[in-house]
Amino acid sequence: MRSQGQAAWELLLPAVGAPARRRGRALQEALREAVRSGRLAAGTRLPSTRALAADLGVSRGLVTEAYEQLTAEGYLRSDRGAGTWVGGAARAAVPGVRDPAAGAPGVRVDFRPGTPDLSLFPRSAWAAAQRSVLARLPHRALGYPDPRGLPELRGALAALLARRRGVVADPERLVVCSGVAQASTLLGFVLGARGLRRVGIEDPGSPEHGRLFASTGLETVRLPLDEEGLRPGPLADSGVRAVVVTPSHQFPSGISWSAERRAALLDWARAVDGYVLEDDYDGDFRYDRAPVGALQGLDPERVAYTGSVSKSLAPGLRLGWMLVPEALLDETVERKRTMDLGNPVLDQAVLAEFVTRGAYDRQLRRCQRAYRERRDALLAALAEHLPGTRVSGIAAGLHVIARVPARFGPRERFLARAAEAGVALRTLEEYGTAGPADEDVRLVIGYAHLTPSAIDTGIGLVAEGRGRG
Ligand SMILES: Cc1ncc(COP(=O)(O)O)c(C=O)c1O
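Residues numbered from 1 in each chain as written. Predicted model: local features only at pLDDT ≥ 70, side-chain atom pairs only at ≥ 80, totals over all residues. Heavy atoms only, no water.

A. Focus on the overall build of the protein chain. Looking only at helices and strands, one finds 16 helices and 15 strands in the protein chain. For 469 residues, the compact-globule estimate of 2.2 N^0.38 gives 23 Å, and the protein chain sits close to it at 24 Å. Along the first, second and third principal axes, the C-alpha atoms of the protein chain reach 70 × 65 × 35 Å. Expressed as a percentage of the 469 residues in the protein chain, the buried residues total 57%. Considering only contacts within the protein chain whose residues lie at least 6 apart along the sequence, 74% involve residues at least 24 apart. About 19,300 Å² of surface is accessible on the protein chain, with carbon and sulfur atoms providing 51% of the total. Put simply, the protein chain has 63 plus and 54 minus side-chain charges, and the middle of one group is 5 Å from the middle of the other. (Helix = DSSP H or I, 4+ residues; strand = E, 2+ residues; numbered from the N terminus. Rg over C-alpha atoms; globule rule 2.2 N^0.38 Å. Buried < 20%, exposed > 50% of the residue type's maximum accessible area, 1.4 Å probe, protein only. Contact = heavy atoms within 4.5 Å. Areas by Shrake-Rupley, 256 points an atom, 1.4 Å probe, with all protein chains shown as cover. Lys, Arg positive; Asp, Glu negative; His and termini not counted. Charge placed at Lys NZ, Arg CZ, Asp CG, Glu CD.)

Shown next as structure tokens:
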């Protein structure tokens, strides 16, 4: 589920103010009421007893007791070793309870892609890194930073990215920024200042790319994909000299670009004296085979590599990086300087500490395990509830494409019934210009933020809906 740690402790804070002898009871009542009222929805994962006790400033025993009591009453469900969740009985008691993070009334299960599981944010490891940084950072480090970022963070990230993503990572060419979003904006301005008027984006692709580059004054040109990557013909005919691509796990189709198309794209960039902006938005997560190295490793002078902690830690941290071709470096750094004089120093120092301690690798391993399990739960739920559905893009990332056979449709009715059942879905067509090729329903299903039981419930609801149409 999405971030429930934060939601949980905020809801429970008033109980902490109760006199010591009634605090345990008050905590249980507050937790029960949060579940009953739907503020903690079915399937919501609760923080560990240790994390919640630390957040609330109460003893761990008090939290353990509350969890045990509510588990016995059926409000919560505990899987030994796996954690504690809001149970299904509570959902039955509160019909139509929505995921409080979903943002849309009536949504019970939200399969829209793009969000990691925010409750997996490593609060204690982050807090430890924060404490250590605050204890050792000299006063002078709190002045305006180098606009490229703190040297220790650039060094730590360069080593991490070279090792994990196979990029050519010179710390001198690494610019810390506030996510792929800012990286794209900076590069859009730099390319615009060099006289480029248009930038190619993938079709289908992330709507965010179009918006970001449009905000820098560039016209965006949609370039069609096939199952191997960008089609070379339309790319060559387009006349653009810059493209933004997601070759490791294309968003949203989930394909990994073929080696031939990667090579062809770089040949094209050299031939037109152009640039490729590589958005490695979920390259950290690869399940069934070794990760596909980033495109940038093949030609660091033509490819600007961009990434962030948005999928691995939390998008709200607004921390990311870019590796910039030498020819664009000075202008990019100057843009970054005039835009915000650099990223916040403490956040950078904490991330550097976090990476250097090995906590980032541990976090990736933890998320990888959880997300693989959820992906498998999704595949199993589709096989059970919507048999015959073909799934692609499963080897990596936080979403898959599911092609539901037309016999479960027709499409409009299928989607309307899912919405009626409280399941939020996105179709592939929403991300591109190509209309549906047939009556099959092509869904882009995000699963990483959902528990296995919520995934099963959601797909079950979609399938049940077909009986009611
Ligand atoms: C494909 C893709 N890349 C990047 C981003 C933005 O990422 P960040 O949080 O790193 O700015 C988004 C966000 O919508 C996205 O959809």
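Next comes the rest of the account.
B. Molecular detail of the domain arrangement of the protein chain. Along its sequence, the protein chain is carved into domain 1 (2-86), domain 2 (109-116 + 365-467) and domain 3 (121-361). The gap between the C-alpha centroids of domain 2 and domain 3 is 28 Å. Taken together, the contacts link 25 residues of domain 2 with 24 residues of domain 3. Where domain 2 abuts domain 3, roughly 2,100 Å² becomes buried across the two surfaces, and 56% of that area is made up of carbon and sulfur atoms. (Domains from an automatic or database assignment. Buried area = accessible area lost by both parts, 1.4 Å probe.)

C. Quick look at the sheet that holds strand β6 (residues 219-226). Across the sheet, 8 strands lie side by side as β4-β11-β10-β9-β8-β5-β6-β7; this open sheet has mixed pairing. The sheet is open, and its two borders are formed by β4 (174-177) and β7 (229-230), each paired with just one other strand. Two strands pair when backbone bridges link them, and strand β5 (residues 198-203) and strand β8 (residues 242-245) are joined in this way by 2 bridges, in the parallel orientation. Bridging across to β8, Gly200 finds its partner in Val243. Each of β4, β10 (303-308) and β11 (320-323) touches helix α7 (residues 151-165); the most contacted strand, β4, lies at about 105° to it. Contacts between helix α8 (residues 180-193) and the sheet are confined to β4, β8, β9 (275-279), β10 and β11, with β10 contributing the most and set at about 155° to the helix. (Pairing = 2+ DSSP bridges. Axes fitted to C-alpha atoms, helices over the stretch in contact; angles between N-to-C directions.)

D. Looking closely at the pairing of β8. Burial of the side chains of β8 extends over both faces: Ala242 and Val244 are buried on one face and Val243 and Val245 on the other. Note: β8 against β9, 4 bridges, orientation parallel. For Val245, the partnering residue across the bridge sits in β9 and is Glu278. Once you follow β8 into helix α11 (residues 259-271) and on to β9, the crossover reads as right-handed. (Right-handed = clockwise from strand over helix to strand, strands pointing away.)

E. Examining the pattern of salt bridges more closely. Per the counting criterion, the structure on display carries 27 salt bridges. Two residues, Arg222 and Asp203, come together in a salt bridge whose shortest N-O distance is 3.7 Å. Taken together, the residues Arg222 in strand β6 and Asp203 in strand β5 connect sequence positions 19 residues apart. A relative accessible area of 11% means that Asp203 is categorised as buried. Through salt bridges that share partners, Asp146, Arg148, Arg154 and Glu172 make up one connected network. (Salt bridge = Lys/Arg side-chain N within 4 Å of Asp/Glu carboxyl O.)

F. A look at the confidence of the model for the protein chain. Here the protein chain averages 90 in pLDDT, while 93% of its residues score no lower than 70. Here residues 1-5 scores under 50 on pLDDT; set against residues more than four positions off or in separate chains, the count is 34 contacts. Residue range residues 91-102 is modelled with pLDDT below 50. Its contacts to residues more than four positions away, or to other chains, number 33 contacts. (pLDDT = per-residue confidence, 0-100.)

G. Representation of a nonpolar patch on the surface in the model. On the surface, a cluster of nonpolar side chains totalling about 290 Å² of accessible area is made up of Leu134, Leu142 and Leu346. Along the chain, the position of Leu142 falls in the loop between α6 (123-136) and α7. (Patch = residues over 30% accessible without salt bridge, like charges linked within 9 Å, V, L, I, M, F, W, Y side chains within 5 Å.)

H. Region of interest: the environment of Gly446. Within the element layout of this structure, Gly446 appears in strand β15 (residues 441-446). Note on Gly446: relative accessible area 1%, which makes it buried. Residues Gly446 and Arg211, spaced 235 residues apart in sequence, show a C-alpha to C-alpha distance of 21 Å. Apart from residues lying up to four places away in sequence, Gly446 is in contact with Phe111, Arg112, Pro113, Leu398 and His399.

I. Layout of the environment of Gly307. Tracing the backbone through its elements, the reader meets Gly307 in strand β10. Between the C-alpha atoms of Gly307 and Pro151, which are 156 residues apart in sequence, the distance is 18 Å. With sequence-adjacent residues up to four places away left out, Gly307 is seen in contact with Val180, Asp280, Gly320 and Trp321.

J. Layout of the environment of Gly24. If you trace the backbone, Gly24 turns up in helix α2 (residues 20-36). A sequence separation of 35 residues divides Gly24 from Ser59, and the C-alpha atoms of the two residues are 9.7 Å apart.

K. Focus on the side chain of Gln182. Its place among the elements puts Gln182 in helix α8. Ignoring sequence-local partners within four residues, the contact set of Gln182 consists of Cys177, Lys336, Met339, Asp340 and Asn343.

L. Quick peek at the site of the ligand. What surrounds the ligand is the set Gly179, Val180, Ala181, Ser206, Glu208, Asp279, Tyr281, Ser308, Ser310 and Arg318. A distance of 2.9 Å separates an oxygen atom of the ligand from a polar backbone atom of Ala181. Contact with the protein chains covers 82% of the free accessible surface of the ligand, which is 400 Å². For the shell around the ligand, a count of residues per class yields 3 nonpolar, 4 polar and 3 charged. (Near = heavy atom within 4 Å. Polar contact = N/O pair within 3.5 Å; in protein donor to acceptor, adjacent residues only side chain to side chain. Nonpolar A, V, L, I, M, F, W, Y, C, P; charged D, E, K, R; others polar.)

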